[in-house]
Amino acid sequence: MQRRQWLEIEDQSWCPAFLRDGMTDYLQHVVTVMKPYKCIAPRLQQSISAAKAECVVDLGSGGGGPWLSLYRTLMERSEEKIPVLLTDRFPNEKAARKIEDAALEIRYARIPVDATRVPESLTGFRTMFSSFHHFPPSQAQAILEDAVRQRQGIGIFELTSRQPAQVLSMILVPLFVLLITPFIRPLRLSRLVFTYLLPLIPVAATFDGIVSCLRTYTPDELREMTLSLEGSDYQWQIGQEKLLKGPGAVTYLIGYPMP
Ligand SMILES: C[S@@+](CC[C@H](N)C(=O)[O-])C[C@H]1O[C@@H](n2cnc3c(N)ncnc32)[C@H](O)[C@@H]1O
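Residues numbered from 1 in each chain as written. Predicted model: local features only at pLDDT ≥ 70, side-chain atom pairs only at ≥ 80, totals over all residues. Heavy atoms only, no water.

With respect to a nonpolar patch on the surface
A cluster of nonpolar side chains, namely Leu168, Ile171, Leu172, Leu175, Phe176 and Leu179, defines an oily patch on the protein surface of about 610 Å² accessible area. The greatest single-element share of the nonpolar patch, amounting to 3 residues, is contributed by helix α7 (residues 173–180). Within the secondary structure, leucine 179 is located in helix α7. Of the residues examined, leucine 179 reaches a relative accessible area of 52% and is grouped as exposed. (Patch = residues over 30% accessible without salt bridge, like charges linked within 9 Å, V, L, I, M, F, W, Y side chains within 5 Å. Areas by Shrake-Rupley, 256 points an atom, 1.4 Å probe, with all protein chains shown as cover. Salt bridge = Lys/Arg side-chain N within 4 Å of Asp/Glu carboxyl O. Helix = DSSP H or I, 4+ residues; strand = E, 2+ residues; numbered from the N terminus. Buried < 20%, exposed > 50% of the residue type's maximum accessible area, 1.4 Å probe, protein only.)

Spelled out as structure tokens, the structure:
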């Protein structure tokens, strides 16, 4: 299926915070409970350690994505505690408080950080979960170029794909949002109102889910992006890792300079 660069509602500056946060909190809850990214933990950990990175800077973090569960998995296998800084162009203030209350080495930057222009002061191994597809090819390429220019490692991970079956599966999203919302903490009145009384969150999550699939890059397209990058000492790994449970796979691109 051809890639489409359609708009996602949560990327729009006019998207109200309750709607964007409602969608990213839902996503955060699902990936924390289902742990689909667990399959890439060994590869990510090995790359962070091979790059000799002292911290991780997550871009497009939204509600925190998989980090609450992934951090514990990574730390089980690691002798050293690596701090993680979550960032977003539209920081999710309430998710930031919840994550920082979990007393892990995870902080959430309160200032907007654009993934295409990461400030030089934010050094660390960059990660992007379920967010690289938001960027059209020129900006996606710029994200990789910026990491290489600043000599930082980068890991990109996507759960969606342009497989017709996955695009179709997105019609189940409203059902999942309705079933899962009572379990998302903290319980928030706005989330309940805009899920059950005026169901903007399920509708927008379904729309963005479908568009996310259509925007996701294939491993071949990711490989193509790395070909023109400077930094011949960068080691690139691109491919798909099957989920530990259930059908599907995580598409990944990891690159770091060999120290
Ligand atoms: C689908 S959410 C993924 C959130 C999280 N990583 C997860 O796994 O649940 C995509 C996130 O990308 C953020 N985003 C969109 N454009 C961005 C940009 N230019 N720079 C940084 N973040 C951006 C959105 O605000 C949103 O929080």
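Description of the site of the ligand
Contacts to the ligand come from 20 residues, most closely from Glu10, Gly60, Asp88, Ala115 and Phe129. Aspartate 114 is positioned such that a nitrogen or oxygen atom in its side chain is 3.0 Å from a nitrogen atom of the ligand. Contact distances for the ligand include 2.8 Å between a nitrogen atom and a backbone N or O atom of phenylalanine 129. Calculation on the ligand without its partners gives an accessible area of 590 Å², and the protein chains cover 96% of this total. Here the ligand occupies the second largest pocket. Along the lines of polarity and charge, the residues of the shell around the ligand split into 7 nonpolar, 8 polar and 5 charged. (Near = heavy atom within 4 Å. Polar contact = N/O pair within 3.5 Å; in protein donor to acceptor, adjacent residues only side chain to side chain. 1 Å grid on protein atoms, 1.4 Å probe; cavity = no way out; pocket = protein on both sides within 12 Å on 5 of 7 lines; lining within 4 Å. Sits in = over half its atoms within 2 Å of the grid points. Nonpolar A, V, L, I, M, F, W, Y, C, P; charged D, E, K, R; others polar.)

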